[in-house]
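# Observations on chain architecture
Single-letter residue listing:
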Amino acid sequence: MMAETKRKADLKVIILGDYNVGKTSFVCRYIDGTFQTKEPTIGAAFFLKQWGPYNIAVWDTAGDERYTGLSNFYCRNAGAAILAFDMTSVSSFESLWARFIPLLDSALENCIKVVVGMKLDLLDSDRTREITIEEATKFSREINSNIDISHLPKDPYFETSSLKGSNVTEVFEYIFNHCVPLTDAEKRVAGNTGIVDLSKPVNDGAKDKKKCC
Amino acid sequence: MAERKKEADHLPTSESDQDDFIEPDPPVVTNQAVADTFVNIDYEDLVNPDYDSHPSGYIHEIVRQGSHDDDDEPRVAVSSVSDVSTGEESSEDHTEISTKEISQALDEVSKLQHPEVSLEDEEEIDEVDTQEWRQRKKHVFILSQAGKPVYTRFGNEDKLVTVMGVMSALVSFVQDSKDLVRFMVAGDHKFVFLVREHLILVCVSHGAESSQQILLHLSYVYNQILSVLTFSTLHRIFKQRRNYDLRRLLTGAEKFLDNLLNMMDTEPGMLLGAVRCLPLDSQVRDNIAQTIVQNAKVKDLVFALILANNQLVTLVRMKKYFLHPMDLHLIINLVNASESFKAAESWTPICLPKFDSSGFLQAHISYLDDRCETCLLLLSVDRESFFILSECRNKIKERLVKYNALKAISDSLMKTSYSIQQCGISDLRHFLYKSRHMAQFTSPELEAPYLSETEQERLCGLYFYLHHRIHTSARPLKILYTVGPHETLLGWVTQSFELYAVFGPLVTKVAAIQAINKLLRWVKREEDRLFIPNHVTF
């Protein structure tokens, strides 16, 4: 508690979900912009993300059952929860309800719970979808009865692929726009990700030359 | 290990041990091959079952409090599991196995010893039916008291239900006559059993280790499980449901067991009950320790340590609390086995069974350099202290960068360890030197002829043999000089150190003894760099 006053994050986002659904890959896709298959997380990993003037604390948790006792620590005062499941596995969807929703009792009262289907890319190949969009959307509405979802731009359900990077940033921005909305001026700053892409052709040099003449 | 604990308490004894040694009469001079007898092993001394002993003290109270908190939480693993139980996990007692099953399984056990048994051509051959599986050097199986498979080093536990059933039958059969099965020897295979309150650990090996050494390895494996679950959890689960499938709770932890077993095959540290320190200038090391002390003054922080490439750089501890080498090995294994700490700061529970098996410490784990070589661990009893520790970590990192300490660490890592030539002793090929009161050891790099994997394995086997001959409880030795076909071995144990040296085969006894006297002087000179004489306290 003393800690939270010391380095206060403006928003705490927690990622929950079964073992091996791809939580860490999801976070890494967002933070680093790359896809890596990750070793199983041990305990929980902490990431700090800047969003405009806000500090966002992201907790990536281990899905293993034995770490359940620890969850109280990182669920407490969470402003947003990403509930991740593997779209090719029914059991991972069922555990959201059975194991993870109860953990969020200690989260903030207006905690937004975003249901995120992982491994969208697998559905393109031979694996079959086990959870329908309707099912998941319905579930995502039910668990968010604590907040007024009619003000949200869409239902808190996303289907993502960390491999291809589809819909990953969208999930985080959806959350941030809801919890810590930015003014237009702040948005422009936030748009600058701070990543320099070396493979991108740089036009600035040409402009500078013109100025010289 | 009880023995080791006592040793660790010993104050450094006088150096007279070393200086007086001119030319002693080695009590046993032998060329005898591995004609070992496995009698009179002091079982209790080796694997001290002091896990439910309750260490007292302020920190231990918090640790236990933490585990009680877990009890109170309504959704602890066990309770959630019972909702999902299948009919198969009923209350029937799995130790009661039909005769048919026993004979069937005995067949399978016998296959372990007779790899020549032909394979039936089936469409799908399970790994456990393959020649390759049977010829593995060292199998480790873990099963519950009810005979349920928990872990196998090779293959799939599900395919080993019958074999494990037999193992559990053997154990309970001997237990019936108020006795304990310890090991069986069949040909060149040893079957070693470690029976704990809720788990049975079995090792089937045809490697160079003695049964005592295997027993030590098994107790490491057992402690690794406690490190993941705590004894309290293990006890609670099996008290509620004898038939519980422990694999549920160990998902993702198998790699720690695998890694630990692989490390034990090649690393002498666990055999010696000692850790290896990264060679560093003592002043640099002091600086690092002081940096930690100054920047991590946090209530309830019990241990702070830096590891680099499985070696200890520094350890800072709370007054009155000690880190047992066995626990330290488990920490090293945790860091060594997982890549996930490299991605971000992590916060994870870890139980140190020798420290307190009843509850968890919380570990803040992070790498300090971009290349992910230097790992800082902060172990606290306060579950909420992540952010405080994270701040400490940033300060420590900042200072260590400023003082060039991180660079010193990576330089030392680059240089690898040291060459045997640096000791300046001809004929000496390799050695292990353990300081008993520090529970630390040192050894030079492996060089020719020990470059190939098979040669390294053979060298390791020589050390196993030498260690076993000296420590066998039937007749413990102080000095052993033995000439083998490829090398001459000399082992020497005093109150303050243990030395195992490997010479070329043609060295004379006199020359070997002169060499180790010289070696001891060299170690003494280098001591400040190779060892950490005492750990700083907060």
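Remember, predicted model here, so these are calculated numbers, not experimental data.

Basis of the calculations
Residues numbered from 1 in each chain as written. Chains lettered and ligands numbered in written order. Predicted model: local features only at pLDDT ≥ 70, side-chain atom pairs only at ≥ 80, totals over all residues. Heavy atoms only, no water. Contact = heavy atoms within 4.5 Å. Buried area = accessible area lost by both parts, 1.4 Å probe. Salt bridge = Lys/Arg side-chain N within 4 Å of Asp/Glu carboxyl O. Polar contact = N/O pair within 3.5 Å; in protein donor to acceptor, adjacent residues only side chain to side chain. Helix = DSSP H or I, 4+ residues; strand = E, 2+ residues; numbered from the N terminus. Axes fitted to C-alpha atoms, helices over the stretch in contact; angles between N-to-C directions. Parallel < 35°, antiparallel > 145°, perpendicular 65-115°, else oblique. Left-handed = near helix turned anticlockwise from the far one by under 90°. Nonpolar A, V, L, I, M, F, W, Y, C, P; charged D, E, K, R; others polar. Phe/Tyr/Trp six-rings, centres within 6.5 Å; stacked < 30°, edge-to-face > 60°. Buried < 20%, exposed > 50% of the residue type's maximum accessible area, 1.4 Å probe, protein only. Lys NZ or Arg CZ within 6 Å of the ring centre and 35° of its normal. Core = buried A, V, L, I, M, F, W, Y, C linked by side-chain atoms within 4.5 Å. Domains from an automatic or database assignment. Bend = angle between axes of the 7 residues up to and from the residue. Pairing = 2+ DSSP bridges. UniProt positions renumbered as here; feature names shortened; annotations may be inferred.

### A short note on the interface of chain A and chain B
Residue-level contacts link 29 residues of chain A with 39 residues of chain B. Both sides together, the interface formed by chain A and chain B hides about 2900 Å², and carbon and sulfur atoms give 59% of it. Along the contact surface separating chain A from chain B lie three salt bridges. Between E39(A) and K255(B) there is a salt bridge, with its nearest N and O atoms 3.1 Å apart. Joining chain A to chain B, the criterion identifies nine residue pairs in polar contact (both at pLDDT 80 or more). Elements represented by at least two residues in the side of chain A that touches chain B include exactly helix 1 (2–6) and strand 2 (44–51) of chain A. At four residues, strand 2 of chain A tops the list of elements feeding residues into the side of chain A that touches chain B.

### As for the packing of helix 12 (residues 254–266) of chain B against helix 15 (residues 325–337) of chain B
All names here are of chain B. Contact geometry for helix 12 and helix 15: axes closest at 9 Å, N-to-C directions at 110°. On the basis of their axis angle, the class for helix 12 and helix 15 is roughly perpendicular. The way helix 12 lies across helix 15 gives a crossing that is right-handed. Here K255, F256, N259, L260 and M263 of helix 12 come into contact with helix 15, specifically with L330, I332, N333, L334, N336 and A337. When its residues are assigned to classes, the contact of helix 12 with helix 15 shows seven nonpolar, three polar and one charged.

### Some points on the packing of aromatic side chains
Throughout the structure, instances matching the rule amount to 26 aromatic pairs over all chains. Measuring from ring centre to ring centre gives 4.6 Å for W59(A) and F386(B), while their planes differ by 65°; the resulting arrangement is edge-to-face. Of this pair, W59(A) sits in strand 3 (residues 54–61) while F386(B) sits in helix 16 (residues 386–402), placing the two residues on different chains. The pair formed by W59(A) and F386(B) is uniform in burial state, with each residue classed as buried. Connected via pairs of aromatic rings, a cluster forms that spans F46(A), W59(A), F73(A), Y74(A), W347(B), F386(B) and F387(B). Sitting over the ring of Y30(A), K49(A) keeps its end group 5.0 Å from the ring centre. Over the ring of F158(A) we find K154(A), and its NZ or CZ is 4.0 Å from the ring centre.

### Here's the deal with the nonpolar core
In terms of nonpolar packing, the biggest core is built from 74 residues, with L199(B), L246(B), F303(B), L305(B) and L379(B) touching the most fellow members. When residues in this core are grouped by element, the largest group, 11 residues, is from helix 9 (residues 211–229) of chain B. When we break this core down by domain, the ones giving at least three residues each are domain 1 (134–264) and domain 2 (275–415) of chain B. Setting aside chain neighbours within four positions, we find L246(B) in contact with V150(B), L199(B), L229(B), L234(B), I237(B) and F238(B). One finds W59(A), F85(A), C392(B) and A405(B) within the second-largest nonpolar core, a separate group that totals 59 residues.

### A look at the packing of helix 9 of chain B against helix 10 (residues 231–240) of chain B
Residue and element names in this part refer to chain B. Two elements in contact, helix 9 and helix 10, have axes whose closest approach is 7 Å; the angle formed by their N-to-C orientations is 90°. By the angle between their axes, helix 9 is roughly perpendicular relative to helix 10. Each of Y222, L226 and L229 in helix 9 lies in contact with helix 10, whose residues at this interface are F231, T233 and L234. Here the contact of helix 9 with helix 10 is composed, by residue class, of five nonpolar, one polar and no charged.

### What about helix 19 (residues 509–530) of chain B?
Along its length, helix 19 of chain B reaches its greatest deviation from straightness, about 40°, at K524(B). Taken together, the buried positions of helix 19 of chain B are occupied by A512(B), I513(B), A515(B), I516(B), N517(B), L519(B), L520(B), W522(B), V523(B) and L530(B).

### Comments concerning the sheet that holds strand 9 (residues 311–317) of chain B
On the basis of which strands lie adjacent, the open sheet formed by 12 strands has the order 6(A)-5(A)-4(A)-1(A)-3(A)-2(A)-10(B)-11(B)-12(B)-8(B)-9(B)-18(B) and mixed pairing. Because the sheet does not close on itself, it has two edges, and the strands there are strand 6 (157–159) of chain A together with strand 18 (536–537) of chain B. Pairing between strand 8 (residues 301–308) of chain B and strand 9 of chain B: six bridges, direction antiparallel. For I306(B), the partnering residue across the bridge sits in strand 9 of chain B and is T314(B).

### Description of the UniProt feature "domain: FUZ/MON1/HPS1 third Longin" (unreviewed entry) in chain B
Here, UniProt's "domain: FUZ/MON1/HPS1 third Longin" (unreviewed entry) annotation points to residues 427–527 of chain B. Along residues 427–527 of chain B the backbone is 38% helical and 29% strand, and the end-to-end C-alpha distance reaches 22 Å.

### Topic: unusual backbone geometry
Backbone torsion omega between A448(B) and P449(B) reads 5°, so that peptide bond is classified as cis. Relative to the assigned elements, P449(B) resides in the loop between strand 14 (440–442) and helix 18 (453–471). Phi angles above zero are rare outside glycine, and K119(A) is one such case at about 65°. A positive phi angle is found at N167(A), which is not glycine, with a value near 70°. Inspection of the secondary structure assignment puts N167(A) in the loop between strand 6 and helix 7 (168–179). What makes N167(A) partly exposed here is its relative accessible area of 28%.

### Quick word on the pairing of strand 9 of chain B
Within strand 9 of chain B, seven of the seven residues are buried, which leaves the element mostly enclosed by the surrounding structure. The antiparallel hairpin formed by strand 8 of chain B and strand 9 of chain B contains two residues in its connecting segment, where N309(B) sits at a positive phi of about 50°.

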